[in-house]
Amino acid sequence: MIVENIPCETIAGQKPGTSGLRKKTRIFMEPGYLENFIQSVFNAIGGGEGKSFVVGGDGRYFNRKAIQTILKMAAANGAKKVIVGQNGILSTPAASHLIRKNQTNGGFILSASHNPGGIKADFGVKYNVANGGPAPEAVTEAIFKETLLISSYKMANAPMIDLATVGTSMLGDMEVSVVDPVADYKELMASLFDFVAIRNLFAGGFSMVFDAMHAVTGPYAKSILEDTLGAPKGTVVNGSPSEDFGGGHPDPNPVWAKPLYDLMMSDQAPCLGAASDGDGDRNMILGHGIYVTPSDSLAVLADNAHLAPAYCKGIAGIARSMPTSAASDRVALKKKIGCYETPTGWKFFGNLLDDGKVTICGEESAGTGSDHVREKDGLWAVLLWLNILAERREPVKTVLESHWAHYGRDYYSRYDYEDIDSKVAEDLMQSLRDRLSELPGQVFADKTVEKADEFSYEDPVDGSISAGQGLRVWFSGGVRVVFRLSGTGTQGATLRVYLERYVPPTGELDLDTQVALYPVVKSMLELTQLEQHIGRKKPDVIT
C-alpha cells in the first residue's frame, strides 16, 4: 500500500456544530473538503496510529463514497482496524453501541440526522469518542483548530473495499471488518426489554404503525418489530433506506410525518404510532387521538421505566436539555433523584451518564436515550413505550392523561423560523440579550416578566463552562419562553422559539396545545417585535 501525503489549503467554515459538521452535499463533494476535515480529526486526536474505529452512516447520498475515502485515510494514518456497517449503513445508536462493545478509540458517523438528503440537500460527519458519545467541546474545538492549520492530508493509494459482503479484509496493514448493521444492536435491545411481554402484546391484537421515513431505522425496525416481536408484516412503513429519504424530510414530528399523524388522529388509528429520523436517533410517539410531545415522553418513560425491569431497576437521575419542558423535573422530584439541565446537544449528557449521575435523558427535539449507549436512540424509546404498554395494558392516551392528572401538564410547542438572514437573526438575539437585565417587572400582553437570563452550564463532573446557550424569559402564570439559534442547519439561520406553560393537576388539562399557548405567543411577539425584525408573520414549522 502506497501512502500519499497530499498538499492542501485550509478551508473556511469547518467548525463542528452541536452534532458534527453539516453542509450541503455538494460542498462535501468538492475536492479536498471531506479529506481536510477527516485529517483534521486525526490530527486533533493525536493521529490514527494503532487505533481502531467504527464507521457508518444513514445511507444518504454520498454516504458510501465518503466511507471509502475515510477507510483509505484511516489506513494511511496507521489505524489498526475499522468496523464498518454493511453497505455503509449504521444507525447512530448502533454505531455508538459498536464503539462501546468493541472498545474502539472512536468512530465516524456520516449523517445530517433529520435534515433532508440528496445531492441538492445536506450531508454531515461527526466524530464520536471512545465512550460512544459525540465528541465533547474540547475535542470539537481541537478539530476546528486543526482545520485552520492543516497543510496536507494522508491518503492510501488502494482499491475500494467491498462493503456489500459481511466479512474481514485488509486495506494495507489495516483490518476492515464489514458487519451486519442490525445484529449487535438487536441483541442489545433483547437484553434490555421483555420481548416475551411485547410479543404477547402483539399476539393479543395490539396494533401499531412505525414510519421509518425511508431512513436508516427501517431495517432495524423490521428485524425487531416484525421478525422478532411478531408485529404483522407491514407494521413498518417506508422501511427501505433511500439516498434522499424518498424525497421527504426525515424529521419525526407532526409536520414532516403528517400522514402518520393524520392516521393516528382518525377512526382507523392503530394503538400506537411511532416514527424515527434519518439516522435513527430521534422518535415520535402517538396514541389514538393524541400526540406525545418529546418532553412528555421523557417524563412518562422516566416515571414508568421500572415496568421494564430488565432495562431499569432504578433511575439514578434524569437529564434534559434546557429548552425541554420541566415535565421530567417533577418526576425527578417525586422520585427524589438528581435532575440536570444541560445545553442542547447530546454531547453534554456524556459526562453525566459516564459518572452514573443519570440513567435517562432527553431533548425536546424528539431525542430520548439512556445509559445503554451514549447517543439518543429512537427505536429504544419505542421499545420502552411498548414494554410499558405491555405491562400497563392501557392506551397511550390513558397513560398520558394519568400522568397529567398526577403531575400537571406542561403545554409545550416549538416555533421554527427557518432560513433567516444570519445577520438579521444575530441582531435579533443581541437586541434581546442587551435587554435581559431590564425585563423583570415589564408587562407584555398582560403577562409580567419574572426573570430573564442567558443560559450558561457548568458541567458537574469536569467543571467545564459552556456559555451562551440560549436566552430564557419567565413570565407570570408558569410560563417560560426560550430563544436559540439552531446549530444543525446548513443554510441561513434558524431561530427556534420554545413556548411552555405549566398547568397544575387541578387546572385545565385537555386544551388544544396552541389554544393553551395563545396568550404565551402574544407575549412573545410583543416582547420581540419578531415580525418587524425578520419580516415573518408566522413560523415555518410548528411542533
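In this text, all values refer to a predicted model and were calculated from it rather than measured experimentally.

Remarks on the overall build of the protein
- Looking only at helices and strands, the protein has 17 helices and 27 strands in total.
- Over its C-alpha trace the protein gives a radius of gyration of 23 Å, about what one expects of a compact globule, namely 24 Å for 543 residues.
- By principal-axis analysis of the C-alpha atoms, the protein measures approximately 70 × 60 × 40 Å.
- Counting only residues that meet the buried cut, the protein has 59% of its 543 residues in that class.
- Sequence-distant contacts in the protein: of pairs separated by 6 or more residues, those separated by 24 or more amount to 72%.

Details of the packing of aromatic side chains
- Within the structure shown, the criterion is met by 13 aromatic pairs.
- Between F193 and Y311 the ring centres are 6.0 Å apart and the planes differ by 35 degrees, which places this aromatic pair in the tilted class. A residue pair is termed long-range when its members are at least 10 positions apart, and F193 in the loop between α6 (183–192) and α7 (195–203) and Y311 in the loop between α10 (294–304) and β15 (317–321) qualify at 118 residues. Side by side, F193 and Y311 carry an identical accessibility label, which is buried.
- Judged by relative accessible area, Y311 falls into the buried class, the value being 11%.
- Among the aromatic side chains, those forming a connected cluster through ring pairs are F28, Y33, F62 and F123.
- Above the face of the Y502 ring, R330 is positioned so that its terminal group lies 3.8 Å from the ring centre.
- When the ring centre of W404 is taken as reference, the NZ or CZ atom of R409 above it lies at 3.9 Å.

With respect to helix α15 (residues 422–435)
- With 14 residues, α15 should reach 20 Å at 1.5 Å per residue; the first-to-last C-alpha distance of 20 Å fits that figure.
- Those residues of α15 lying buried are A425, L428, M429 and L432. Within α15, the buried residues cover an arc of 90 degrees as seen down the axis, which keeps them to one side. α15 presents K423 and D434 as exposed residues on the side facing more than 90 degrees away from its buried surface.
- Between the side-chain oxygen of the N-cap and the backbone nitrogen of K423 there are 3.0 Å, and the N-cap of α15 in question is D421.

Topic: the packing of α10 against helix α13 (residues 378–392)
- It is the contact of α10 with α13, at a shortest axis distance of 11 Å, that shows an interaxial angle of 55 degrees. What the angle tells us is that α10 and α13 run oblique. The hand of the α10/α13 crossing is left-handed. Two secondary-structure elements touch here, α10 through S297, V300, L301 and N304 and α13 through A381, L384, W385, I388 and R392.
- A per-class count over the contact of α10 with α13 returns 6 nonpolar, 2 polar and 1 charged.

Quick word on the nonpolar core
- Counting residues in hydrophobic clusters, the biggest one holds 103 residues, and the most contacted among them are F193 and L386.
- By residue number, the principal contributor to this core is α13, which donates 11 residues.
- Setting aside anything within four residues of it in sequence, one finds L386 in contact with I198, L201, F202, F206, M208, L225 and L272.
- The next biggest cluster of nonpolar side chains, apart from the first, holds 42 residues, and it includes I38, I143, I150 and V178.

Section: the sheet that holds strand β16 (residues 338–342)
- Spatial ordering of the open sheet is given by β16-β15-β17-β18, a layout of 4 strands whose pairing is mixed. The open sheet has two edge strands with one neighbour each: β16 and β18 (367–370). For this sheet, the mean inter-axis angle between neighbouring strands, taken without regard to orientation, is 15 degrees.
- Pairing of strand β17 (residues 360–363) with β18, which is carried by 4 bridges, proceeds in the antiparallel orientation. By the bridge assignment for β18, G362 is matched with T368.

Describing the packing of α10 against helix α11 (residues 327–335)
- Viewed as axis vectors pointing N to C, α10 and α11 meet at an angle of 20 degrees, and their least axial separation amounts to 7 Å. Relative to α11, the element α10 is oriented roughly parallel. You can see that α10 and α11 cross each other, and the crossing is right-handed. Residues S295, D296, L298, A299, A302 and D303 of α10 form the contact with α11, whose participating residues are A327, S328, V331, K334 and K335.
- Class assignment for the residues of the contact of α10 with α11 results in 5 nonpolar, 2 polar and 4 charged.

Quick notes on the side chain of S223
- You can see S223 is positioned in helix α8 (residues 217–228).
- Ignoring any residue separated from it by four or fewer positions in sequence, one finds S223 in contact with V182, K186 and T228.

A few points about the pattern of salt bridges
- On inspection of all chains with the given rule, the structure shows 31 salt bridges.
- Residues E375 and K126 are paired through a salt bridge, measuring 2.7 Å at the closest nitrogen-oxygen approach. Placement of the pair is E375 in the loop between β18 and α13 and K126 in strand β6 (residues 122–128), with a sequence separation of 249 residues. In terms of burial, E375 and K126 fall into one category: buried.

Things to note about the pairing of strand β21 (residues 447–454)
- Two strands pair when backbone bridges link them, and strand β20 (residues 443–444) and β21 are joined in this way by 2 bridges, in the antiparallel orientation. What sits directly across from V443, in β21, is T448.
- Linking β20 to β21, which pair antiparallel, is a turn of 2 residues; within it A445 sits at a positive phi near 50 degrees.
- In terms of strand pairing, β21 meets strand β24 (residues 471–475) through 5 bridges, oriented antiparallel. By the bridge assignment for β24, E454 is matched with L471.

A short note on the sheet that holds strand β14 (residues 290–292)
- Spatial strand order, β11-β10-β12-β13-β14: 5 strands in an open sheet with mixed pairing. Single-partner strands in this sheet number two, and they are β11 (236–237) and β14.
- One ladder, built from 2 bridges, connects strand β10 (residues 208–211) with β11; its direction is parallel. For D211, the partnering residue across the bridge sits in β11 and is V237.
- Packing of helix α14 (residues 396–407) onto the sheet brings it into contact with β12 (272–276), β13 (283–287) and β14, and relative to β14 it is tilted by some 65 degrees.

Things to note about the side chain of N128
- Note that N128 resides in strand β6.
- Engagement of the side chain of N128 in a polar contact is seen with the side chain of E375, the distance being 2.7 Å.
- Discounting residues that sit within four places of it in the chain, N128 has contacts with I99, G106, G107, I109, G133, P134, A135 and E375.

About the thresholds
- Residues numbered from 1 in each chain as written.
- Predicted model: local features only at pLDDT ≥ 70, side-chain atom pairs only at ≥ 80, totals over all residues.
- Heavy atoms only, no water.
- Helix = DSSP H or I, 4+ residues; strand = E, 2+ residues; numbered from the N terminus.
- Rg over C-alpha atoms; globule rule 2.2 N^0.38 Å.
- Buried < 20%, exposed > 50% of the residue type's maximum accessible area, 1.4 Å probe, protein only.
- Contact = heavy atoms within 4.5 Å.
- Phe/Tyr/Trp six-rings, centres within 6.5 Å; stacked < 30°, edge-to-face > 60°.
- Lys NZ or Arg CZ within 6 Å of the ring centre and 35° of its normal.
- Expected span 1.5 Å × (residues − 1).
- Arc of directions from axis to C-beta.
- Polar contact = N/O pair within 3.5 Å; in protein donor to acceptor, adjacent residues only side chain to side chain.
- Axes fitted to C-alpha atoms, helices over the stretch in contact; angles between N-to-C directions.
- Parallel < 35°, antiparallel > 145°, perpendicular 65-115°, else oblique.
- Left-handed = near helix turned anticlockwise from the far one by under 90°.
- Nonpolar A, V, L, I, M, F, W, Y, C, P; charged D, E, K, R; others polar.
- Core = buried A, V, L, I, M, F, W, Y, C linked by side-chain atoms within 4.5 Å.
- Pairing = 2+ DSSP bridges.
- Salt bridge = Lys/Arg side-chain N within 4 Å of Asp/Glu carboxyl O.

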